[in-house]
Every structure is written in structure tokens, then in C-alpha cells.
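Listed below are the residues making up each chain.
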Amino acid sequence: MEIPKKIDNCPIVDSVVELRFKSSIFPNAVFGLIFNSLQNDFPTVEKLPILQLPEQLRDSDPNFKFKAQYRLVSQDGYSVQIGPDVIVMGAPTPYPGWDNFFIKIKLVIDKALEAGVVERVLRLGVRFINFFEEDIFEQINLDISINGKPHKTRKTQLRTEVESGGFLNTLNVANNATQKIDNNQKRNGSIIDIDTFKGYNDVNFKNIYQAEITKAHKIEKEIFFKLLKTEYLESLNPKY
């Protein structure tokens, strides 16, 4: 199957690339060193709600590991979330396209690696959430049945893992999703959420990260487009 470069009315509402790592320095110093290297490109700083919790609780509870504590924002809407052992890069909405996003990803990772805070990378994740106003289960190559009979309801959520190209992909499809829009309004619809990830124990990640992120994005994109029925994909006016 030929994979489109893009489709009309891009459904992507959230897109992030996450690096989890073992720090080579004292955890509380990670943010300062990364911020110093990125402040010209991401001048706005926000504290995230997790900082309201006691430090002892954050350090002892495994649910808070790999959680960002600060958020930096560029003038063109890109974001970087930073924690003692995680960096999460996000693109603005509407989605600016992979080529533009990848430029920012490379900028952030290069400067973080140059700052010397990363001893080794533990996990790479590429995640895209797509929102649709219709019931997406009617438009995808995925059938759910109970006792041999098709199961269709307006409140269906499916979560599974798919292995592809050395990456694991957590696929979450739901038709009872809600998205916040302007003026605190919401719209109801469906989501296709794909989190493509891989574990590492590599001190030489700097030499391979561009190829690995590119591969993860390609795998995620292939899973998404192969999930759509041919007729539905054609209705989205794909560009090849």
C-alpha cells in the first residue's frame, strides 16, 4: 500500500516525541541546563502541576517517574516538557507537518545531548492522536464481535499492542471521545491514538536518534493509514 504524505482536514490533534533517559547529573539540575540551551528558541516557561506535590512523594511514587515538571513554549507554538529523566517535544495545532516538526525535534535533542544531561537513552516514543467527528469504527479495517455477532455501540473503546519493525505500538481506538476547542467548548467524536515506542540501553543514541525517530514515525503512519478503509481514505483526498 502506498502511504499518503497528507490528507485534507488533518485529524491530528496531538503529536509528541518523548525521550526517557538516565541522567548523568543531579536530577534537580537537569531542567536548568536544558533550559539554558533552549531559552532563545523556547522563551516561555511554565511550571506543571506535578511541582505542587512534595518532592519526597514525587521521588518515591513510581507513577510520577518520567513525568515532566516544566514546559517551554516557542513563539510558533512548539513545546518542550522537561523532567529529571524525560524530555517531551510537542507540535502545535493545527499540525504543521512532519518535516517542520522534525526540525524542532532535532534542535531540542541536539541541545539536550550537548548539555551533557543524558547518560543514556532508555526509551523513545512517538505518539499521534487523531480526532474524527464520526464513529470511526464504521470507517476502519477493524471488526469487533461477541459470540460471532458484530458488536457495535456508541461507547466502544479498544486498546491493543501491535509489533512492527522492532517497535511496539499501543493502538487505542474509541468512539466516545471528547476534544476541547476554543471558548471552553467541546466536541464529541472518535480517536485513533497510536503510541510507537522502543526501549534502549545505548550510550551512542546520538548517532542513531534521527534514523530511529524517522523509522518510528513511518511505522506509526503506516499503521494509521492501513487501518482506514479504502473508500474512507479516498474521501479524505490523500496526497501522495
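One can find the structure itself at the top, above this paragraph.
Residues numbered from 1 in each chain as written. Predicted model: local features only at pLDDT ≥ 70, side-chain atom pairs only at ≥ 80, totals over all residues. Heavy atoms only, no water.

Engineer: Before we move on, could you go through the overall build of the chain and cite the residues and values that matter?
Structural biologist: Summing up its helical and strand segments, the chain has five helices and eleven strands in all. Relative to the globule expectation of 18 Å for 240 residues, the C-alpha radius of gyration of the chain, 19 Å, shows essentially globular dimensions. Summarising its shape, the C-alpha atoms of the chain cover approximately 55 × 40 × 40 Å along the three principal directions. In the chain, which comprises 240 residues, the proportion classed as buried is 42%. (Helix = DSSP H or I, 4+ residues; strand = E, 2+ residues; numbered from the N terminus. Rg over C-alpha atoms; globule rule 2.2 N^0.38 Å. Buried < 20%, exposed > 50% of the residue type's maximum accessible area, 1.4 Å probe, protein only.)

Engineer: Explain the nonpolar core to me, and be specific about the residues and the numbers.
Structural biologist: If you look at the biggest cluster of nonpolar residues, it comprises 56 residues, and the most contacted ones within it are Val 17, Trp 98, Phe 101, Ile 105, Ile 192, Ile 213 and Leu 228. Of the residues forming this core, the biggest block, eight residues, is contributed by helix H4 (residues 209-227). (Core = buried A, V, L, I, M, F, W, Y, C linked by side-chain atoms within 4.5 Å.)

Engineer: With reference to specific residues and values, describe helix H3 (residues 98-114).
Structural biologist: The end-to-end C-alpha separation of H3 is 24 Å, in line with the 24 Å expected for 17 residues at 1.5 Å each. When H3 is considered as a whole, its buried residues turn out to be Trp 98, Phe 101, Phe 102, Lys 104, Ile 105, Val 108, Ile 109 and Ala 112. What you see down the axis of H3 is that its buried residues fit within an arc of 160°, all on one side. Residues of H3 that are exposed and point more than 90 degrees away from the buried face comprise Asp 99, Ile 103 and Glu 114. Directly beyond the C-terminal end of H3, a positive phi value near 80° is found at Gly 116. (Expected span 1.5 Å × (residues − 1). Arc of directions from axis to C-beta.)

Engineer: With reference to specific residues and values, describe the pairing of strand E10 (residues 167-180).
Structural biologist: For E10, the buried fraction is high: ten of the 14 residues fall into the buried class. Note: strand E9 (residues 157-164) against E10, eight bridges, orientation antiparallel. Bridge pairing in E10 places Arg 159 opposite Asn 172. (Pairing = 2+ DSSP bridges.)

Engineer: An account of the side chain of Thr 156 is needed here, citing residue identities and associated values.
Structural biologist: Positionally, Thr 156 belongs in the loop between strand E8 (149-150) and E9. Judged by its relative accessible area of 8%, Thr 156 is buried. Separated by 3.1 Å, the side chain of Thr 156 and the backbone oxygen of Thr 153 make a polar contact. With sequence-adjacent residues up to four places away left out, Thr 156 is seen in contact with Phe 137, Ile 144, His 151, Val 173, Ala 174, Asn 175 and Asn 176. (Polar contact = N/O pair within 3.5 Å; in protein donor to acceptor, adjacent residues only side chain to side chain. Contact = heavy atoms within 4.5 Å.)

Engineer: Kindly report on the pairing of strand E5 (residues 86-90), identifying the contributing residues and their values.
Structural biologist: Counting buried positions along E5 gives five out of five residues, so the element sits mostly inside the fold. Alternating positions in E5 separate into two faces, Val 86, Val 88 and Gly 90 on one and Ile 87 and Met 89 on the other, with burial throughout. Both strand E4 (residues 79-83) and E5 contribute to a ladder of five bridges, which runs antiparallel. For Ser 79, the partnering residue across the bridge sits in E5 and is Gly 90. In this antiparallel pair of consecutive strands, E4 and E5, the connection spans two residues.

Engineer: A description of the pattern of salt bridges should follow, citing residues and the corresponding values.
Structural biologist: Going through the model one piece at a time under the given rule, you end up with 15 salt bridges. Among the salt bridges present, the one from Asp 85 reaches Lys 65, with a minimum N-O distance of 2.9 Å. Of the two residues, Asp 85 is situated in the loop between E4 and E5 and Lys 65 in the loop between helix H2 (55-60) and strand E3 (70-73); the sequence distance between them amounts to 20 residues. Under the relative-accessibility criterion, Asp 85 is labelled buried at 12%. For Lys 65, a relative accessible area of 47% corresponds to the partly exposed category. Asp 76 is paired through a salt bridge with Lys 104; the nearest N and O atoms lie 3.3 Å apart. Pair noted here: Asp 76 is in the loop between E3 and E4 and Lys 104 is in helix H3, with a separation of 28 residues, a long-range link. (Salt bridge = Lys/Arg side-chain N within 4 Å of Asp/Glu carboxyl O.)

Engineer: Which residues make up the packing of H3 against H4, and what values go with them?
Structural biologist: At a minimum axis distance of 11 Å, the contact between H3 and H4 shows a crossing angle of 145°. Taken as a pair, H3 and H4 cross one another with a handedness that is right-handed. Two secondary-structure elements touch here, H3 through Trp 98, Phe 102, Ile 105, Lys 106, Ile 109, Asp 110 and Leu 113 and H4 through Tyr 209, Gln 210, Ile 213, Thr 214 and His 217. Of the residues in the contact of H3 with H4, the class split is seven nonpolar, three polar and two charged. (Axes fitted to C-alpha atoms, helices over the stretch in contact; angles between N-to-C directions. Left-handed = near helix turned anticlockwise from the far one by under 90°. Nonpolar A, V, L, I, M, F, W, Y, C, P; charged D, E, K, R; others polar.)

Engineer: Describe the sheet that holds strand E1 (residues 12-23), naming the residues involved and giving the relevant values.
Structural biologist: In spatial order, the strands read E2-E3-E4-E5-E1-E6-E11-E10-E9; together these nine strands make up an open sheet with antiparallel pairing. Edge positions in the open sheet fall to strand E2 (44-47) and E9, since each of these has one partner strand only. Neighbour-to-neighbour, the strand axes of the sheet open up by a mean angle of 20°, direction not taken into account. Bridge count for E1 against strand E6 (residues 118-132) is eleven bridges, and the pairing is antiparallel. Within E6, the residue paired with Phe 21 across the bridge is Val 121. Contacting E1, E4, E5 and E6, H3 crosses the sheet at an angle of about 155° to E5. Strands in contact with H4 are E1, E6, E9, E10 and strand E11 (186-202); relative to E11, the strand with the most contacts, it is inclined by about 145°.

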